[in-house]
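Coordinate analysis (summary)
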Amino acid sequence: MGELIHLDDTSFLKVDVQGAERLVLAGAEEFLKRAAGVMIEVSLVPLYEGESYASEMLEGLLAKGFEIWDINRGYMSPKTARLQQLDVVLFKKRPGTTA
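Summarised in this report is the structure supplied together with it.

Some details on the overall build of the protein chain
Helix and strand content of the protein chain: three helices and four strands. Written out in order from the N terminus, the α and β elements of the protein chain read β-α-α-β-α-β-β. With 99 residues in all, the protein chain has 36% of them scored as buried. For the protein chain, long-range pairs separated by at least 24 residues make up 61% of all intrachain contacts whose partners lie at least 6 apart in sequence.

The following block contains the structure:
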């Protein structure tokens, strides 16, 4: 990936892959070291076989130095009105910055 795309601290990754987010992030380790931000769709309930839940996805990104900037409502079940997915925007923490 690094050879195909110029990577710098302004790179941004959008991940919306129907339950395969963990696999995408695992394959993007080097990209994430230099990326400025990530937008990821996360599930609050089981929707896809083998998928990771929101807490696991977000804990992994927080551990890599990202912090949550925005949360958008995603998919809501039309039958139950239960929110099932969120789109979460995260950016890398910058030294010397505060909320």
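Looking at helix H3 (residues 54-63)
One full turn of an α-helix is made of 3.6 residues, so residues set three or four places apart face in the same direction. Every buried residue of H3 is listed here: Ala 54, Met 57, Leu 58 and Leu 61. Buried residues of H3, viewed axially, fall in a sector of 90 degrees; they line one side. Summarising the geometry of H3, the exposed residues directed more than 90 degrees from the buried face are Glu 59 and Ala 63. Following H3 by one or two positions, Gly 65 has its phi on the positive side, about 95 degrees.

A look at unusual backbone geometry
One non-glycine residue, Gln 18, lies in positive phi territory at about 50 degrees. With respect to the secondary-structure elements, Gln 18 resides in the loop between strand E1 (12-15) and helix H1 (21-27). Of the residues examined, Gln 18 reaches a relative accessible area of 42% and is grouped as partly exposed.

Some remarks on the nonpolar core
Core analysis: the largest hydrophobic core is formed by 18 residues, its most contacted members being Leu 13, Leu 25, Leu 32, Ile 40 and Leu 61. Sorting the residues of this core by element identifies E1, helix H2 (29-34), strand E2 (37-43), H3 and strand E4 (85-92) as the ones contributing at least two each. If you tally residues by element for this core, the top one is H3, at four residues. When residues no more than four places from it in sequence are discounted, the contact partners of Leu 61 are Leu 25, Leu 32, Val 38, Ile 40, Phe 66 and Leu 90.

Topic: the sheet that holds E1
Pairing in this open sheet of four strands is mixed, and the strands run E1-E2-E4-E3 from one edge to the other. Each edge of the open sheet carries a strand with a single partner, namely E1 and strand E3 (66-73). Within the sheet, the average angular offset between the axes of one strand and its neighbour, ignoring direction, is 20 degrees. Looking at chain direction, E3 and E4 are connected through seven bridges and run antiparallel. Paired with Phe 66 across the strands is Lys 92, a residue of E4. Along the sheet face, H3 touches E2, E3 and E4 and points at about 160 degrees away from the line of E2.

Topic: the pairing of E2
Buried residues dominate E2, accounting for seven of its seven residues. Burial along E2 is two-sided: Gly 37, Met 39, Glu 41 and Ser 43 facing one way and Val 38, Ile 40 and Val 42 facing the other are all buried. Where E1 and E2 come together, four bridges link them in parallel fashion. The partner of Val 15 across the bridge, within E2, is Ile 40. Bridging between E2 and E4 involves seven bridges; their strand directions are antiparallel. Within the sheet, the bridge partner assigned to Gly 37 lies in E4 and is Phe 91.

Rules and cut-offs
Numbers given to residues run from 1 along each chain, matching the order in which its sequence is written. Given that this is a predicted model, residues contribute local features only at a pLDDT of at least 70 and side-chain atom pairs are listed and counted only at 80 or more, while totals for whole chains, interfaces and linings are drawn from all residues. To get the side-chain values, take all heavy atoms of the structure and skip hydrogens and water. A run of H or I in DSSP becomes a helix once it reaches four residues, and a run of E becomes a strand once it reaches two; helices and strands are each numbered from the N terminus. Exposure classes here rest on a 1.4 Å probe applied to the protein chains alone. A residue is buried below 20% of its type maximum, exposed above 50%, and partly exposed in between. Residues count as neighbours in contact if any of their non-hydrogen atoms are within 4.5 Å of one another. This arc describes the spread of directions from the helix axis toward the C-beta atoms. For this analysis, a nonpolar core means a set of buried residues of the types Ala, Val, Leu, Ile, Met, Phe, Trp, Tyr and Cys, connected via side-chain atoms within 4.5 Å. Paired strands, as defined in this entry, are two strands with at least two bridges between them according to DSSP. Between the N-to-C directions of two axes lies an angle of 0 to 180 degrees, each axis being a line fitted to C-alpha atoms and, for a helix, fitted only over the stretch in contact.

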